[in-house]
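Working through the structure, step by step
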Amino acid sequence: MKYLSNEQLQLITGGSISASMLGYIVRGINSLLDLGRSIGSAIRRVQNGALCPL
């Protein structure tokens, strides 16, 4: 087995968007969309006076 020196290890570049990172990004976008829907629904209920009494 051949080992790389420290200089060779420092020259290694790479790393693209992995599948797990892409999944996290998609989940974050979906969470923001759900939050926007919830806020929009709440605003619409307040404007229409369709709130449940506490």
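Residues numbered from 1 in each chain as written. Predicted model: local features only at pLDDT ≥ 70, side-chain atom pairs only at ≥ 80, totals over all residues. Heavy atoms only, no water.

**Re a nonpolar patch on the surface**
- On the surface, Ile17, Met21, Leu22, Ile25, Val26, Ile29 and Leu33 cluster together into a nonpolar patch covering about 640 Å² of accessible area.
- Along the chain, the position of Ile17 falls in the loop between α1 (6-10) and α2 (19-48).
- Judged by relative accessible area, which is 57%, Ile17 ranks as exposed. (Patch = residues over 30% accessible without salt bridge, like charges linked within 9 Å, V, L, I, M, F, W, Y side chains within 5 Å. Areas by Shrake-Rupley, 256 points an atom, 1.4 Å probe, with all protein chains shown as cover. Salt bridge = Lys/Arg side-chain N within 4 Å of Asp/Glu carboxyl O. Helix = DSSP H or I, 4+ residues; strand = E, 2+ residues; numbered from the N terminus. Buried < 20%, exposed > 50% of the residue type's maximum accessible area, 1.4 Å probe, protein only.)

**Regarding the pattern of salt bridges**
- Following the criterion strictly, the structure yields one salt bridge and no others.
- Salt-bridge contacts for Arg37 lead to Asp34; the nearest nitrogen and oxygen are separated by 2.7 Å. Taken as a pair, Arg37 and Asp34 lie in helix α2 at a separation of three residues, close to a single helical turn.
- Owing to a relative accessible area of 52%, Arg37 belongs among the exposed residues under this scheme.

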